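Residue-level structural notes
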Amino acid sequence: MKRILLGTTLGVALLAGAAMAGPVRDFEEAYRGMYGSYRAALFMTNSGSAEKSAGSMKAFSDKWEALMATYRAAPPPQYMDDPDWAVQMELVDEMLAKAQGEVASGALGEAHETLEGVREVFGALHLRNGVQLYSDRMNAYHAEMEHVLDMDPATASAADLAGKAAVLEYLAAQVALLPPVEVQDTENPEYTKLMTDFMGSVAAFRAAVDSGDAEAVKTAIAGLKKPYSILFLKFG
């Protein structure tokens, strides 16, 4: 019961952005910096640029090594009781090394897919320990968006499309619920614009689905990825 209550308390605090003083906050700040480098690596390996991919992978690797130098053997309070901490950190090590090799050989698409697994590790870590961050809500939206991107409006039923629109609306609302820690309690025009574009893409998909026009739905689906990707790269 104590473990459950601790996880719930930490999850609420982190979700609200009320970073707890001391080691919890210290880790979350370091993690956020590392995760920013990870996002850049994920984005760049999907951009087609070998040079930029290599540079972003180096930055991610450096930040990850620095984080692990402090926390590998001594996890912060929110994860100290997680029996899988060491195994999961080693799994990220393996994915990082594999992705670096793939980038070096020019297999950027493969590296991108390998890196996708990293956020799944982090997401599962957070879920097991009652922690929710802005990135978790972004990743939940991304997982559903990928399903929508694979849909063919010409063959999908109206009910299926309406269901997907409803789910995306809900998950986007969760993303918008609270901004990332670094832009809380401050005006950030860039974040505001990117969030407006992101929410607009979801609204456009809903409007297209409601119209029953397959071509409009196809166009709206194609318009989902870019606003999400830019928001993810900058803040997710």
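Just so it is clear, the model here is predicted, and its values are computed rather than measured.

Here the focus is the overall build of the chain. Helix and strand counts for the chain stand at ten helices and zero strands. Order of helices (α) and strands (β) in the chain, N terminus to C terminus: α-α-α-α-α-α-α-α-α-α. Rg of the C-alpha trace for the chain: 19 Å, near the compact-globule value of 18 Å for 236 residues, within the 12% margin. With the C-alpha coordinates aligned to their principal axes, the bounding extent of the chain is approximately 55 × 45 × 35 Å. Counting every position in the chain, which comprises 236 residues, the buried fraction comes to 42%. Here the analysis covers contacts within the chain between residues at least 6 apart in sequence; of these, 73% occur between residues at least 24 apart. Entry remark: accessible area of the chain is about 11500 Å², with carbon and sulfur atoms responsible for 60%. Both charge centroids of the chain, one from 20 positive and one from 32 negative side chains, sit 3 Å from each other.

Let us now look at the confidence of the model for the chain. Across the chain, the average pLDDT comes to 90, with 91% of residues at 70 or higher. Here residues 1-20 is modelled with pLDDT under 50, and outside its nearest four sequence neighbours on either side it reaches 31 contacts, counting other chains as well.

Time to look at the environment of Pro 179. With respect to the secondary-structure elements, Pro 179 resides in the loop between α7 (158-177) and α8 (189-211). Taking the C-alpha atoms as reference points, Pro 179 and Tyr 191, separated by twelve residues in sequence, lie 8.5 Å from one another. The contacts of Pro 179, once residues within four sequence positions are left out, are Tyr 134, Gln 184 and Tyr 191.

Residues Phe 60, Trp 64, Leu 115, Tyr 141, Phe 205 and Leu 231 are the most contacted members of the largest nonpolar core, which totals 59 residues. Here Tyr 141 is in contact with Leu 168, Leu 171, Ala 172, Val 175, Phe 198, Val 202, Leu 224 and Tyr 228, once residues within four sequence places are set aside.

To continue, consider the side chain of Ser 135. Here Ser 135 shows up in helix α6 (residues 134-149). In contact with Ser 135, other than residues within four places in its own chain, are Tyr 31, Tyr 35, His 126 and Gly 236.

Taken together, the buried positions of helix α10 (residues 225-235) are occupied by Pro 227, Tyr 228, Ser 229, Leu 231, Phe 232 and Phe 235. Where the residues of α10 are buried, they touch α2 (23-44), α5 (108-128), α6 and α8.

What follows covers the packing of aromatic side chains. Going through the model one piece at a time under the given rule, you end up with 18 aromatic pairs. Plain terms: the ring middles of Tyr 35 and Tyr 38 are 5.3 Å apart, the flat faces sit at 45° to each other, and that makes the pair tilted. Of this pair, Tyr 35 and Tyr 38 both sit in helix α2, three residues apart, which is roughly one turn of that helix. The pair formed by Tyr 35 and Tyr 38 is uniform in burial state, with each residue classed as buried. Consider the rings of Trp 64 and Phe 122, whose centres lie 6.0 Å apart with planes at 50°: the pair is tilted. Taken together, the residues Trp 64 in helix α3 (residues 50-71) and Phe 122 in helix α5 connect sequence positions 58 residues apart. For the pair formed by Trp 64 and Phe 122, the shared burial category is buried. The ring of Phe 232 has Arg 119 sitting right over it, with the charged end atom 4.9 Å from the ring centre.

Cut-offs used in this document
- Residues numbered from 1 in each chain as written.
- Predicted model: local features only at pLDDT ≥ 70, side-chain atom pairs only at ≥ 80, totals over all residues.
- Heavy atoms only, no water.
- Helix = DSSP H or I, 4+ residues; strand = E, 2+ residues; numbered from the N terminus.
- Rg over C-alpha atoms; globule rule 2.2 N^0.38 Å.
- Buried < 20%, exposed > 50% of the residue type's maximum accessible area, 1.4 Å probe, protein only.
- Contact = heavy atoms within 4.5 Å.
- Areas by Shrake-Rupley, 256 points an atom, 1.4 Å probe, with all protein chains shown as cover.
- Lys, Arg positive; Asp, Glu negative; His and termini not counted.
- Charge placed at Lys NZ, Arg CZ, Asp CG, Glu CD.
- pLDDT = per-residue confidence, 0-100.
- Core = buried A, V, L, I, M, F, W, Y, C linked by side-chain atoms within 4.5 Å.
- Phe/Tyr/Trp six-rings, centres within 6.5 Å; stacked < 30°, edge-to-face > 60°.
- Lys NZ or Arg CZ within 6 Å of the ring centre and 35° of its normal.

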